[in-house]
Amino acid sequence: MQKVYNLTRHPTKPDQAADGVVDLPNHITDKIKELSTFVSTPLPSVSYLHARALEIVVLLQSYSEEVGINIVHVMCGGAPYFNGILDKVLISNGFIPCYPFTIRQSSVENGKNVFVYKHIGLVRTV
């Protein structure tokens, strides 16, 4: 099974892990969270988003070289306005972006509707 490295803000869930998704070390994940968080104004420009995406790529490449692994597939998520640019930058640097595909399942517990999102698989963008 091909490993898919988690670039999202959330830890890999067991059903995602069963699909080959693995977490990066905390220091890498923390830096990716920082690079993919946009809370200031004015709105982020395309060039700013592109620069952040490039920083994520360099981080992945450096980590990959440091530990001697070949990172190819990555699971993305988060802000749609960033994902379009991140996808392009990842692809142009040899990475294959994937997104989690989930379905919402509902049940009734104690008289209340409860929704759970079930991981079905990963969708590649290339």
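You'll find the structure just up there.
Residues numbered from 1 in each chain as written. Predicted model: local features only at pLDDT ≥ 70, side-chain atom pairs only at ≥ 80, totals over all residues. Heavy atoms only, no water.

**Some words on the side chain of Thr8**
Mapping Thr8 onto the fold places it in the loop between strand 1 (4-6) and helix 1 (14-17). Side chain to side chain, Thr8 and Asn6 meet in a polar contact 2.7 Å long. Within the structure, Thr8 has its side chain in polar contact with the backbone oxygen of His10 (distance 3.2 Å). Leave out the neighbours within four places in its chain, and Thr8 touches Met75, Cys76 and Gly77. (Helix = DSSP H or I, 4+ residues; strand = E, 2+ residues; numbered from the N terminus. Polar contact = N/O pair within 3.5 Å; in protein donor to acceptor, adjacent residues only side chain to side chain. Contact = heavy atoms within 4.5 Å.)

**Description of a nonpolar patch on the surface**
A surface patch of nonpolar side chains, amounting to about 330 Å² of accessible area, comprises Phe101, Ile103, Ile120 and Val123. Of all the elements in the fold, those that place two or more residues in the nonpolar patch are strand 4 (96-109) and strand 5 (112-124). With respect to the helices, strands and loops of the structure, Phe101 is situated in strand 4. (Patch = residues over 30% accessible without salt bridge, like charges linked within 9 Å, V, L, I, M, F, W, Y side chains within 5 Å. Areas by Shrake-Rupley, 256 points an atom, 1.4 Å probe, with all protein chains shown as cover. Salt bridge = Lys/Arg side-chain N within 4 Å of Asp/Glu carboxyl O.)

**Overview of the packing of helix 2 (residues 26-35) against helix 3 (residues 46-67)**
Their axes nearest at 9 Å, the elements helix 2 and helix 3 cross at an angle of 170°. Classified by the angle between their axes, helix 2 and helix 3 sit roughly antiparallel to one another. Residues Ile28, Lys31, Ile32, Glu34 and Leu35 of helix 2 lie in contact with helix 3, whose contacting residues are Arg52, Glu55, Ile56, Leu59 and Tyr63. (Axes fitted to C-alpha atoms, helices over the stretch in contact; angles between N-to-C directions. Parallel < 35°, antiparallel > 145°, perpendicular 65-115°, else oblique.)

**Digging into the layout of surface pockets**
In this structure, the largest pocket occupies an estimated 170 Å³ of space. Contributing to the lining of the largest pocket are 13 residues, with Thr8, His10, Gln16, Gly77 and Pro100 lying nearest its centre. Considered class by class, the residues forming the lining of the largest pocket number four nonpolar, seven polar and two charged. (1 Å grid on protein atoms, 1.4 Å probe; cavity = no way out; pocket = protein on both sides within 12 Å on 5 of 7 lines; lining within 4 Å. Points joined across faces, edges and corners; volume = space filled by probe spheres on them. Nonpolar A, V, L, I, M, F, W, Y, C, P; charged D, E, K, R; others polar.)

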